[in-house]
Amino acid sequence: MTTTTLSLPSRGVTLHLRDVLETIRTAPVPPWGTSVADHGTYLTYLVGSIVAWTVLPLLVTGAIGALLSL
């Protein structure tokens, strides 16, 4: 039987991840605007958000399932 050891990320990585998550949480939604480029930016943001909020729970659930099966 082999033993797997888990290590915590370094403090720099943790702080960087916290900064990225804070930026994502507080970033304003791009406005709909009046030009085609503004519409494209808004739609890209919208589709990206939908995909992220769909995939993220699946990844978390998979990680929890993998941890429980150890």
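In what follows, the structure referred to is the one given above.
Residues numbered from 1 in each chain as written. Predicted model: local features only at pLDDT ≥ 70, side-chain atom pairs only at ≥ 80, totals over all residues. Heavy atoms only, no water.

Engineer: Account for a nonpolar patch on the surface, with residues named and values stated.
Structural biologist: Taken together, the side chains of W53, L56, V60, I64 and L68 define a hydrophobic patch exposed on the protein surface, amounting to about 600 Å² of accessible area. Relative to the elements of secondary structure, V60 occurs in helix α2 (residues 36-68). (Patch = residues over 30% accessible without salt bridge, like charges linked within 9 Å, V, L, I, M, F, W, Y side chains within 5 Å. Areas by Shrake-Rupley, 256 points an atom, 1.4 Å probe, with all protein chains shown as cover. Salt bridge = Lys/Arg side-chain N within 4 Å of Asp/Glu carboxyl O. Helix = DSSP H or I, 4+ residues; strand = E, 2+ residues; numbered from the N terminus.)

Engineer: Give me the pattern of salt bridges: which residues, what numbers.
Structural biologist: By the definition in use, this model includes 1 salt bridge. Notably, a salt bridge pairs R25 with E22, separated by 3.0 Å at the nearest N-O pair. Here the residue R25 and the residue E22 both occupy positions in helix α1 (residues 11-26), the gap between them amounting to 3 residues, near one helical turn. By relative accessible area, which is 62% here, R25 ends up exposed. (Buried < 20%, exposed > 50% of the residue type's maximum accessible area, 1.4 Å probe, protein only.)

Engineer: Which residues make up the packing of aromatic side chains, and what values do they have?
Structural biologist: Applying the stated criterion across every chain, the model contains 1 aromatic pair. Between W32 and Y42, the ring centres sit 5.4 Å apart and the planes meet at 85°, which makes this aromatic pair edge-to-face. Within this pair, whereas W32 is found in the loop between α1 and α2, its partner Y42 is found in helix α2, the two being separated by 10 residues in sequence. Look at Y42 and you get partly exposed, because its relative accessible area is 25%. (Phe/Tyr/Trp six-rings, centres within 6.5 Å; stacked < 30°, edge-to-face > 60°.)

Engineer: Kindly report on the environment of P31, identifying the contributing residues and their values.
Structural biologist: Position of P31 among the secondary structure elements: in the loop between α1 and α2. Owing to a relative accessible area of 61%, P31 belongs among the exposed residues under this scheme. Through-space distance from the C-alpha of P31 to that of T41 is 8.4 Å; in sequence the pair is 10 residues apart. Every residue in contact with P31, bar those within four places of it in the chain, is listed here: D38 and Y42. (Contact = heavy atoms within 4.5 Å.)

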